[in-house]
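Structural characterization, general
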Amino acid sequence: MAVPHGDHVDYAHDGHLHRPHDGHVDECEATGHTRHNDHPHRHGAGCGHVSVPHGDHVDYVHDGCRHAAHEDHWDEH
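Just so we're clear, the structure is a prediction, and the values are computed from it rather than from any experiment.

What follows deals with the overall build of the protein chain. The helix and strand inventory of the protein chain stands at zero helices and nine strands. Reading the protein chain from its N end, one meets helices and strands in the order β-β-β-β-β-β-β-β-β. The buried share among the 77 residues of the protein chain stands at 31%. Contacts spanning at least 24 positions in sequence make up 36% of the contacts within the protein chain whose residues lie at least 6 apart. A total of about 5,000 Å² of accessible surface is found on the protein chain, and carbon and sulfur atoms cover 50% of it.

Backbone geometry places Asp22, a non-glycine residue, at a positive phi of 50°. Inspection of the secondary structure assignment puts Asp22 in the loop between strand S3 (16-21) and strand S4 (24-27).

Here we take up the pairing of strand S9 (residues 73-76). Residues His73 and Asp75 line one face of S9 and the alternating positions Trp74 and Glu76 line the opposite face, and both faces are buried. With four bridges joining them, strand S8 (residues 65-70) and S9 adopt antiparallel strand pairing. Note that in S9 the partner of His67 across the bridge is Glu76. In this antiparallel pair of consecutive strands, S8 and S9, the connection spans two residues, and Glu71 shows a positive phi of 50°.

Procedures and definitions
- Residues numbered from 1 in each chain as written.
- Predicted model: local features only at pLDDT ≥ 70, side-chain atom pairs only at ≥ 80, totals over all residues.
- Heavy atoms only, no water.
- Helix = DSSP H or I, 4+ residues; strand = E, 2+ residues; numbered from the N terminus.
- Buried < 20%, exposed > 50% of the residue type's maximum accessible area, 1.4 Å probe, protein only.
- Contact = heavy atoms within 4.5 Å.
- Areas by Shrake-Rupley, 256 points an atom, 1.4 Å probe, with all protein chains shown as cover.
- Pairing = 2+ DSSP bridges.

So, in C-alpha cells, the structure goes:
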C-alpha cells in the first residue's frame, strides 16, 4: 500500500513503512512526539480514511498525513 508522507511516498509492508532512497529502502518512522491539534473527529473502522497497520497500532491517512491515536489526542506520524 502506498501512503503519501510529506515530500515522498512510503510503502506499508509487514507493519512497517518503507521509503525508496538512493537505490535502497529505508524504514520511515516518525521521530519525537508531534501532536495533531484541532482534530475534531475520531478514526476507526468505517471512518472513511485509509487504515495502515503500523507496529502495534493502526494509523489513518488523512489530508496527506498519518494519524495515530495517543492518549486523548491524535499524533502526526
